[in-house]
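# Inside the fold
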Amino acid sequence: RPGPVLIDLPKDVMAELGSAQYPKEVNIRGYKPNTSVHIGQLKRAIKMLHKAKRPLFLAGGGVNIARASALFTEVVEKTQVPVVTTIMGRGAIATNHPLFIGNLGMHGAYAANMAVSGCDLLFSIGTRFNDRITGKLHEFAPHAQIVHIDIDTASISRNIHVDIPIVADAKEALTKMTEYVEECETKKWLAQIAAWKEEHPLRMKPKGDQMQAQDILETINEVFKEDDKIVVTDVGQHQMFTSQYLEVNEKTRLYMSGGLGTMGYGFPGAVGAQIGNPDSTVIAISGDGGMQMNIQEFATAVLEETPVIACVFNNTYLGMVRQWQKLFYGKRYGMTNLRAGALSRRTDGAEFPEYTPDFVKLAESYGAKGIRVTEKSEMKAAFEQAKANRALKVPTLIEFMLDPEVQVYPMVRPGGTLEDLLMD
């Protein structure tokens with residue numbers, strides 16, 4: 001499993017001269033990755049899949065890391081088994097595919113969470129079963145036998161006990177699966193899932209003509225439909241909205257910091273993605289809090305001529321923290337109002353000042369382009385302008401002014417099961 005590695009070389013070693021001869025192969029006692037697939041275990045799992053009445057695929061980030069989405073889609077279409085994904089696994093199958101249900105977990109779709117709770121076989125690939133997708137551990141997928149394919153031995157049966165463990169790279173395992181899988185009988189199961197989708201479709205509650213995050217993301221889907229694009233998010237409510245409403249397919253790659261929850265990752269991550277993929281359209285999605293954590297990277301973006309489109313969802317708060325304060329801590333708001341400052345300690349009723357900073361002016365001070373959007377009708381034109389600005393080789397910041405009271409739903413209650421959802 002990829003991740004950071006620290007190689008610490010003492011100064012005296014670095015100062016010495018050594019041989020320029022390199023070994024032909026790596027042979028380190030602590031590094032013995034498994035590269036093959038246990039065919040016996042895989043055949044057992046496939047046999048179990050074919051016998052199941054309510055089978056379900058769970059795809060995690062491992063499928064995307066292995067670049068195995070085409071193989072995974074082939075397996076899904078051969079078997080006709082529906083799919084849920086983790087947030088990091090979004091895009092393992094196109095989000096508009098008829099067998100894709102949605103993300104599961106804390107802010108997962110109602111139908112996806114119900115499918116996990118109701119399935120009799122959960123065939124999971126490339127996921128760690130972290131607490132963001134499981135809810136209460138001992139009530140996760142309570143009726144299901146679980147198959148778990150993962151490249152990391154330590155991830156298997158660590159959080160969730162599984163019935164058939166398979167240590168393998170996702171791409172290697174899926175390649176073998178294409179040889180053995182057959183169509184499963186899932187018509188009744190798919191009809192039940194369709195009923196759940198109809199009962200609680202994934203959408204934000206309309207608020208008249210007021211612009212909402214779903215509107216912004218659907219406009220991105222429309223304006224950049226034909227672009228090869230990379231979308232990189234920061235951390236917070238905007239991240240969850242993106243995971244819910246961004247269409248991810250063969251033309252779209254989605255990156256976020258996952259379980260690390262690294263505020264400030266979005267914009268510099270997008271700059272790096274643009275440098276590495278100069279011909280792709282790169283869009284960063286940040287909140288007003290996260291954007292300020294690495295705002296100085298606008299200097300890098302301008303100097304390196306990286307035409308990133310930086311979207312700031314500005315609700316004037318640290319939105320996700322405020323959501324928890326509102327829903328679960330008696331509305332005891334503390335240090336989440338980014339306009340308050342010293343005025344929060346005054347008792348004379350003084351009004352909060354205008355938002356600091358002015359993101360449009362700040363972007364322009366770096367030599368970038370800045371656009372502020374306050375109405376739904378302005379969204380498409382703003383994205384079209386940002387798209388045109390790419391020819392100038394400069395980044396464009398678009399600030400969207402949003403209602404701070406809007407929350408991310410559905411939401412699993414803290415300590416609850418996947419079925420214990422707040423819908424509004």
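Conventions adopted
Counting starts from 1 at the beginning of each chain's written sequence and moves along it residue by residue. Local features are withheld for residues below a pLDDT of 70 in this predicted model, meaning they are given only at 70 or higher, and side-chain atom pairs are given and counted only at 80 or more; totals for whole chains, interfaces and linings count all residues. For the side-chain quantities, the full set of heavy atoms in the structure was used; hydrogens and water were omitted. Think of a 1 Å grid over just the protein atoms. A cavity is a set of points where a 1.4 Å probe fits yet cannot get out, a pocket is an open set with protein on both sides within 12 Å along at least five of seven lines, and lining residues have an atom within 4 Å of a point. Grid points are joined across faces, edges and corners, and a volume is the space filled by probe spheres set on the points. Classes in brief: Ala, Val, Leu, Ile, Met, Phe, Trp, Tyr, Cys and Pro nonpolar; Asp, Glu, Lys and Arg charged; the others, Gly included, polar. Interaxial angle, 0 to 180 degrees, is taken between N-to-C directions of lines fitted to C-alpha atoms, where a helix line uses only the stretch in contact. Each helix corresponds to a stretch of at least 4 residues labelled H or I by DSSP, and each strand to a stretch of at least 2 residues labelled E; elements are numbered beginning at the N terminus. Under this scheme an angle from 65 to 115 degrees is roughly perpendicular, one under 35 degrees roughly parallel, and one over 145 degrees roughly antiparallel; angles in between are oblique. Helix crossings fall into two classes, left-handed where the near helix is turned counterclockwise from the far one by less than a right angle and right-handed where it is turned clockwise. Any pair of residues with heavy atoms lying within 4.5 Å of one another is described as a contacting pair. When a carboxyl oxygen of Asp or Glu is within 4 Å of a side-chain nitrogen of Lys or Arg, the pair counts as a salt bridge. Between buried and exposed lies partly exposed: a residue is buried under 20% and exposed over 50% of the maximum accessible area for its type, with that area taken using a 1.4 Å probe on protein chains only. Each polar contact in these results corresponds to two N or O atoms within 3.5 Å; when the atoms are within protein, one needs to be able to donate a hydrogen and the other to accept it, and residues that are neighboring in sequence are counted only if both atoms are side-chain atoms. Pairing between strands is defined by DSSP: at least two bridges between the two strands are required.

Okay, the layout of surface pockets next. Approximately 460 Å³ is the volume found for the second largest pocket. As for the second largest pocket, its lining consists of 21 residues, of which Arg-203, Met-204, Lys-205, Met-423 and Asp-424 are closest to the centre. Of the residues assigned to the lining of the second largest pocket, the class counts are 11 nonpolar, three polar and seven charged.

This brings us to the packing of helix α5 (residues 110-118) against helix α8 (residues 187-199). α8 packs onto α5 with a crossing angle of 140° between their chain directions and a minimal axis gap of 8 Å. Overall, the two elements α5 and α8 adopt an arrangement that is oblique. As for the relative orientation of α5 and α8, their crossing is right-handed in sense. Contacts between α5 and α8 involve Tyr-110, Ala-111, Met-114, Ala-115 and Gly-118 on the former and, on the latter, Trp-189, Ile-193, Trp-196, Lys-197 and Glu-199.

Two side chains with opposite charge may pair up if their charged atoms get near one another. Counting across every chain of the model gives 13 salt bridges. A salt bridge links Lys-387 to Asp-227; the shortest N-O distance between them is 3.2 Å. Note that Lys-387 is positioned in helix α16 (residues 379-389) and Asp-227 in the loop between α9 (213-223) and β7 (229-233), a separation of 160 residues in sequence. For Lys-387, a relative accessible area of 28% gives the class partly exposed. Asp-228 is the partner of Lys-251 in a salt bridge, and the nearest nitrogen-oxygen pair spans 3.9 Å. One end of the pair, Lys-251, is in the loop between α10 (237-245) and β8 (252-255); the other, Asp-228, is in the loop between α9 and β7, with 23 residues separating them in the sequence. Judged by its relative accessible area of 26%, Lys-251 is partly exposed. Of the residues examined, Asp-228 reaches a relative accessible area of 45% and is grouped as partly exposed.

For Thr-79, the position within the fold is in helix α4 (residues 69-79). Overall, Thr-79 belongs to the buried group, its relative accessible area being 0%. Spatially, the C-alpha atom of Thr-79 lies 48 Å from that of Asp-8, the residues being 71 residues apart in sequence. Leave out the neighbours within four places in its chain, and Thr-79 touches Leu-49, Phe-57, Val-181, Glu-182, Glu-183 and Cys-184. One polar contact links the side chain of Thr-79 to the main-chain carbonyl oxygen of Val-75, over a distance of 2.9 Å.

Turning our eyes to something else, we now look at the sheet that holds strand β2 (residues 83-85). The sheet built from six strands is open, its strands ordered β3-β2-β1-β4-β5-β6 with parallel pairing. Of all strands in the sheet, those with a lone pairing partner are β3 (100-103) and β6 (164-167), marking the two edges. Shown here is a sheet whose adjacent strand axes are inclined to one another by a mean of 15°, direction ignored. Helix-sheet contacts for helix α2 (residues 39-51) involve β1 (55-59), β4 (121-125), β5 (145-150) and β6, and the interaxial angle to β6 is about 135°.

Here we come to the side chain of Asp-215. By the element assignment, Asp-215 lies in helix α9. Relative accessible area serves as the criterion here: at 17%, Asp-215 is assigned to the buried category. Setting aside its immediate chain neighbours within four residues, Asp-215 contacts Gln-210, Lys-376 and Met-379.

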